[in-house]
Amino acid sequence: MYSAAAATTAASSSSSSPPRRDFISVTLSPEEAVGAGGYNNSKAWRRRSCWRKWKQLSRLQRSVILFLFAFLAVCGVISYASMGEPWKSLTNKSLDDQRTEPESPGLKLANPVVLPAPQKADANLGDYPELSPQKPPKLPHARRGPSNLQIKPPWRDVRLKTQHDTSRVVEEPVQSDKEEKTEKSVISWRGAVIEPDQSTEPPSSKIKEPEKPSSVEAEDQKEPVPINERQMAVIEAFRHAWKGYKDFAWGHDELKPLSKSYSEWFGLGLTLIDALDTMWILGLKEEFEEARKWVAIDLVFDKNVDVNLFESTIRILGGLLSTYHLSGDSLFLEKAKDIGNRLMPAFKTPSKIPYSDVNIGRGTAHPPRWTSDSTVAEVTSIQLEFRELSRLTGDEKFQKAVDEVMKHVHTLSGKNDGLVPMFINTNSGQFTHLGVYTLGARADSYYEYLLKQWIQGGKKENELLEDYMRAIEGVKKHLLQRSQPKKLTFVGELAHGHFSAKMDHLVCFLPGTLALGAHNGLTADHMKLAEALIETCYQMYAQVETGLSPEIVHFNLHAQKGQKDVEIKPADRHNLLRPETVESLFYMYRFTGDKKYQDWGWEILQNFNKYTRVPTGGYTSINNVQNPSNPEPRDKMESFFLGETLKYMFLLFSDDIDLINLDKYVFNTEAHPLPIWVPA
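Quantities reported herein were computed from a predicted structural model and do not represent experimental measurements.

A.B. asks: Quick question: what am I supposed to make of a nonpolar patch on the surface here?
C.D. replies: Taken together, L60, V64, F67, L68, F71 and L72 make up a surface patch of nonpolar side chains, about 650 Å² in accessible area. Tracing the backbone through its elements, the reader meets F67 in helix 3 (residues 59-100).

A.B. asks: Please clarify how the sheet that holds strand 13 (residues 423-425) should be interpreted in this entry.
C.D. replies: In spatial order, the strands read 12-13-14; together these 3 strands make up an open sheet with antiparallel pairing. Edge positions in the sheet fall to strand 12 (373-375) and strand 14 (431-432), since each of these pairs with one other strand and no more. Bridging between strand 12 and strand 13 involves 3 bridges; their strand directions are antiparallel. In the sheet register, T375 faces strand 13, and the bridge partner there is F423.

A.B. asks: Explain the packing of helix 6 (residues 285-298) against helix 8 (residues 330-343) to me, please; I cannot follow it from the model alone.
C.D. replies: Think of two packed helices as two axes; the pair is described by the angle between the axes and how far apart they sit. Two elements in contact, helix 6 and helix 8, have axes separated by 11 Å at closest approach and are oriented at 40 degrees. Viewed along their axes, helix 6 and helix 8 adopt a mutual orientation that is oblique. Here helix 6 and helix 8 pass one another in a crossing that is left-handed. Judged by residue contacts, F288, R292, V295 and A296 of helix 6 engage L331, F332 and K335 from helix 8. Classifying every residue of the contact of helix 6 with helix 8 by side-chain character gives 5 nonpolar, no polar and 2 charged.

A.B. asks: Can you help me understand the state of the cysteines in this one?
C.D. replies: One covalent bond between the sulfur atoms of two cysteine residues makes up a disulfide. By the definition in use, this model includes 1 disulfide. In this model C508 forms its disulfide with C537; the gap between the sulfur atoms is 2.1 Å. In this structure the cystine formed by C508 and C537 twists about its S-S bond by roughly -105 degrees; its chirality is therefore left-handed. Taken together, the residues span a long stretch of sequence, with C508 in the loop between strand 20 (502-504) and helix 14 (510-519) and C537 in helix 15 (residues 525-542) at a distance of 29 residues. Owing to a relative accessible area of 0%, C537 belongs among the buried residues under this scheme.

A.B. asks: Please explain the UniProt feature "active site" (unreviewed entry) in the chain as it appears in this structure.
C.D. replies: In this structure's numbering, the residues bearing the UniProt feature "active site" (unreviewed entry) are E311, D444, E551 and E580. Overall, D444 belongs to the buried group, its relative accessible area being 13%. Those residues in contact with D444, other than ones at most four positions away along the chain, are A377, L439, L506 and F509. Along the chain, the position of E580 falls in helix 16 (residues 580-592). What E580 contacts, discounting residues up to four positions off in sequence, is H505, L506, C508 and F509.

A.B. asks: Which parts of the structure should I look at to understand the sheet that holds strand 20?
C.D. replies: Two modes of strand pairing occur in sheets, parallel and antiparallel, and in both the strands are linked by backbone hydrogen bonds. Sheet architecture is open: 3 strands sit in the order 20-21-22, paired in antiparallel fashion. Of all the strands in the sheet, just strand 20 and strand 22 (566-567) have a single pairing partner and so form its edges.

A.B. asks: Explanation requested: the environment of E567 in the structure shown.
C.D. replies: Tracing the backbone through its elements, the reader meets E567 in strand 22. The class of E567 is partly exposed, set by a relative accessible area of 37%. For E567 and V544, which are 23 residues apart along the polypeptide, the C-alpha to C-alpha distance reads 9.4 Å. Not counting the four nearest positions on each side in its chain, E567 is found in contact with V553, H554 and N556.

A.B. asks: Explain unusual backbone geometry here, please?
C.D. replies: The phi angle of most residues is negative, glycine excepted, and most peptide bonds adopt the trans form. The omega torsion of the bond from Q484 to P485 falls at 10 degrees, within 30 degrees of zero and hence cis. The backbone phi angle of K260 is positive, close to 55 degrees, even though this residue is not glycine. At K352, a residue that is not glycine, the phi angle is positive and equals roughly 70 degrees. Tracing the backbone shows K352 in the loop between helix 8 and strand 10 (357-359).

A.B. asks: Whenever I open this one, helix 8 confuses me. Can you help?
C.D. replies: Since there are 3.6 residues in each turn of an α-helix, residues three or four apart along the chain are aligned in direction. Its 14 residues place the ends of helix 8 20 Å apart at the C-alpha level, agreeing with the 20 Å of an ideal helix rising 1.5 Å per residue. What helix 8 keeps buried is the set L331, F332, L333, K335, A336, K337, I339, G340 and L343. Sitting at the amino-terminal end of helix 8 is D329, which places a side-chain oxygen 3.0 Å from the backbone nitrogen of L331.

A.B. asks: Help me out: how do you make sense of the pattern of salt bridges in this one?
C.D. replies: Oppositely charged side chains are able to pair whenever their charged atoms sit close together. Inspection of every chain in the model, using the stated rule, returns 27 salt bridges. Of the charged contacts, one joins E311 and R315 as a salt bridge, the two residues approaching to 2.9 Å between their closest N and O atoms. Here E311 pairs with R315, and both are found in helix 7 (residues 309-327), just 4 residues apart, close to one helical turn. For the residue pair E311 and R315, the accessibility class agrees, reading buried in each case. Connected through salt bridges with shared partners, the residues E254, K636 and E638 form a single ionic network.

A.B. asks: What is the right way to read the packing of aromatic side chains from this model?
C.D. replies: Geometry of an aromatic ring pair is reported as the spacing of the ring centres plus the angle between the planes. Counted according to the given criterion, the structure contains 22 aromatic pairs. Consider the rings of Y597 and W600, whose centres lie 5.6 Å apart with planes at 85 degrees: the pair is edge-to-face. Of the two residues, Y597 and W600 both sit in helix 17 (residues 595-611), 3 residues apart, roughly one turn of that helix. The same class applies to Y597 as to W600, namely buried. An aromatic cluster is defined as three or more aromatic residues linked by ring pairs; in this entry it consists of F586, Y587, F591, Y648 and F667.

A.B. asks: I'm lost on the side chain of T612 in this one. Help?
C.D. replies: Position of T612 among the secondary structure elements: in the loop between helix 17 and helix 18 (639-652). Classification of T612 as buried rests on a relative accessible area of 1%. A distance of 2.5 Å separates the side chain of T612 from the backbone oxygen of F608, its partner in a polar contact. Ignoring anything within four residues of it in the chain, the contact list for T612 reads L548, L577, N607, G618, Y619, T620 and I622.

What counts and what doesn't
- Residues numbered from 1 in each chain as written.
- Predicted model: local features only at pLDDT ≥ 70, side-chain atom pairs only at ≥ 80, totals over all residues.
- Heavy atoms only, no water.
- Patch = residues over 30% accessible without salt bridge, like charges linked within 9 Å, V, L, I, M, F, W, Y side chains within 5 Å.
- Areas by Shrake-Rupley, 256 points an atom, 1.4 Å probe, with all protein chains shown as cover.
- Salt bridge = Lys/Arg side-chain N within 4 Å of Asp/Glu carboxyl O.
- Helix = DSSP H or I, 4+ residues; strand = E, 2+ residues; numbered from the N terminus.
- Pairing = 2+ DSSP bridges.
- Axes fitted to C-alpha atoms, helices over the stretch in contact; angles between N-to-C directions.
- Parallel < 35°, antiparallel > 145°, perpendicular 65-115°, else oblique.
- Left-handed = near helix turned anticlockwise from the far one by under 90°.
- Contact = heavy atoms within 4.5 Å.
- Nonpolar A, V, L, I, M, F, W, Y, C, P; charged D, E, K, R; others polar.
- Disulfide = S-S within 2.5 Å.
- Buried < 20%, exposed > 50% of the residue type's maximum accessible area, 1.4 Å probe, protein only.
- UniProt positions renumbered as here; feature names shortened; annotations may be inferred.
- Expected span 1.5 Å × (residues − 1).
- Polar contact = N/O pair within 3.5 Å; in protein donor to acceptor, adjacent residues only side chain to side chain.
- Phe/Tyr/Trp six-rings, centres within 6.5 Å; stacked < 30°, edge-to-face > 60°.

Structure follows, in structure tokens:
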């Protein structure tokens, strides 16, 4: 125990006495302390001492200490879990590296393989193996790329051995015989194979660089189908049109072949970009290479210019994406990303329904000067392109913007058995000009893109299919009629309950779309309707003096002696070299094999050559299809003549179903093929 004695000294009365000092003296007696159970440095004594100190703490202090201990314990568990997997992977990788070392002790791999070598497709699967439904493992340096697609060349010369200044590095697949080989990089001209992206989940918002497509050796491909005489005639027509463009309009939007000049719309080389994938499909190497150089050097989107969202999407964005998929050249994807980003301001509206016009240099958008409406076809026919851009880049903003439009339109009132009005307001998001329904201008491709988005996404988006099926039933109920005297089935228009026997040439996209739906498992009566409508579209050519269809026809509903089914008004008798009938002929021949569709297309090509061909180069639209002696040329070659009409002609005359296989690709409304994400 402790003992203490205290002593104090008082101040003396004398002046010499020492100063006063106050202190306490403490004496510790170890023997007594030990004997009385005091501190002895034993474990038992330390435990009792700590417990007394713990009990002396307040309840708040004890709670704080317990909380800190619990927090540290949780952090420790989390740290262990996060560090354990990498440590395990590191250990496994180390073991794998040891296993992959050559047996010879004197040889080691200087650069171990990071990505596994591609497996050779089973011979029974053909040239288009099914994509595995399993999600691929996330490997180092693995990048999102386009689907496993392959274009079959019509010529034996299928490999382009020249390399571009941008150094497109493409690795050939390595054989799966466990031998490490370094293959020489090559570019296959027509047989580009693109690495599969088997994941069907929505794209990440993080931008990823796409993996460059790999080419395949010519011996691994099916024997190419030789080009026939009719296809050669299409190639000759294309070269003639291209000569005029190159000589008089190079780098400009459209050729004026008669005046040997050009017209400008956006100032972005529309004809050249629209024709890129056509040249690739036709095998025109020199022309393609020349056009590619222009894209690489001269195509600049940083311009103070207003462009139409719809037209620039289907022609420029669609054309660049398609050419990227066919060629594997990343230049075109980079340009596609650039224009795609510059078009995004159009979606900054109160309703998320995009404006019609965008200034791609300033980053601003606006509706037309005369209205705040956009046309329904324009805002619902940009989805294929923006969705594919999201899939390639991994940036979901593009798909999100266009998907919101489709979901909004899906919920709107104002439809008539699935048929939609022609206009929609960008402020309110509601249909305007109600009561008018057509499958012609301003509404046509809305119906086309319902089906094609459903196909593009792997047939999983049921709302799109429901809207499409309902719309076709609406067409049958409200818009189908038969003409006299040949009883041709045609699609008219409905205006406030009044039926009009007017049919735009644009409506001739419908037979091909119906046939495409039937091919993808929809009801068989869609194919029967397609067969009836393609006959009508052909008669729109055959019953006209030049053998070329006018822009608009009116059908006779009552039989009269000496009268044809087709009646043409003076304001409607022009021909713009449009592709819709040839497009549907291509689908019909591809799905039925009926040679009459090729014969009809051949007649149309001959009449284009007879009445629209300009001797110095190019083709021209005409003002009067009813006057063979003077069809009144308009001095303008639309970009879609090269981008669509001649492309569909070439495919129509081909007997190679793998030349743009319709189970692997879906065409946008400007005839630019884009990959189906999950092949059927």
